[in-house]
Amino acid sequence: MSLQIQNLTLKYPGSPNFVFQDLSFELKEPGFNSLFGPSGVGKTSLAKILTGDRRHFYGKVGHEGMKTFLYSYNTERLPGWSGVGKHLEKITPAGRQERQEELISIFGLEDCLQQRFSQLSLGQQNRVNLLRYLLQHFELLIMDESLANVEELTRETIILRIKTLYPQHHFLYISHNVDEVSKFCREIVVLRSAERHPQSIVVRGQDARIDREIDRGRLDQTMLEIVNASS
């Protein structure tokens with residue numbers, strides 16, 4: 001399975017500026033990859049193009065071997081009155097009850113199941129929202145700041161366990177945390193303004209896993225490459 005973006009061009013109606021102008025890159029392998037760049041550079045717009053929610057653009061989006069794309073974002077909310085446990089039971093596909101229980105444990109949400117969504121903290125709400133997407137069938141899941149407001153150690157545990165549980169799935173992780181994307185992602189697509197050429201630079205990340213130690217020197221070098229590509 002692979003994802004190819006070729007000569008993608010996008011300009012919003014009435015705007016004199018391009019969001020994308022001949023943007024091209026390819027992600028060949030499954031796993032955790034990242035879209036990285038400052039606010040306004042087009043990360044969310046690209047996510048919506050991939051999921052089919054934005055259709056008016058030029059260029060080609062290829063996704064060999066992938067049919068179902070899902071998009072999870074950190075401001076998405078369930079109805080406040082919705083009971084967390086009952087909602088998860090309702091949206092869990094048949095045969096995935098065991099996976100649901102496993103993810104609830106990994107995400108540390110056991111104590112939240114009897115509560116309404118509105119009673120949860122922002123970090124808990126984001127974990128519930130991401131969990132319900134992981135229970136669905138997909139080939140690519142876009143995580144747009146999906147773990148915002150989740151404390152660092154819990155976020156690291158969740159990412160590493162997702163990578164173990166879904167080794168053949170594609171993930172696009174959108175984050176402003178350069179240390180995080182450098183450590184956990186295989187490839188980081190650094191998006192730049194449409195006036196720059198090329199508009200994207202792909203940096204190889206350290207792709208941390210539960211059974212793989214990360215060399216601090218290599219991690220620092222990856223972060224430096226990302227910062228240099230962004231500047």
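Residues numbered from 1 in each chain as written. Predicted model: local features only at pLDDT ≥ 70, side-chain atom pairs only at ≥ 80, totals over all residues. Heavy atoms only, no water.

A. Focus on the side chain of S82. Secondary-structure assignment places S82 in the loop between β5 (69-73) and α2 (84-91). Sequence-distant contacts of S82, that is, excluding residues within four places in its chain, are made with H87, Q115, R116 and F117. (Helix = DSSP H or I, 4+ residues; strand = E, 2+ residues; numbered from the N terminus. Contact = heavy atoms within 4.5 Å.)

B. Looking closely at the layout of surface pockets. For the largest pocket, the calculated volume is near 160 Å³. E152, R155, E156, I159, N177, D179, E180, K183, F184, I214, R216 and L219 are the residues that line the largest pocket. Those elements that place two or more of their residues in the lining of the largest pocket are α5 (152-165), α6 (178-184) and α7 (216-230). Looking at the lining of the largest pocket residue by residue, the classes come out as four nonpolar, one polar and seven charged. (1 Å grid on protein atoms, 1.4 Å probe; cavity = no way out; pocket = protein on both sides within 12 Å on 5 of 7 lines; lining within 4 Å. Points joined across faces, edges and corners; volume = space filled by probe spheres on them. Nonpolar A, V, L, I, M, F, W, Y, C, P; charged D, E, K, R; others polar.)

C. How the structure looks around the pattern of salt bridges. Across all of its chains, the model carries 14 salt bridges by this definition. Across the pair R99 and E102 runs a salt bridge, and its minimum N-O distance is 3.4 Å. In this pair, R99 and E102 are both assigned in helix α3 (residues 97-106), three residues apart and thus about one turn of the helix distant. With a relative accessible area of 29%, E102 lands in the partly exposed category. Between R155 and E180 there is a salt bridge whose closest N-O contact spans 2.4 Å. (Salt bridge = Lys/Arg side-chain N within 4 Å of Asp/Glu carboxyl O. Buried < 20%, exposed > 50% of the residue type's maximum accessible area, 1.4 Å probe, protein only.)

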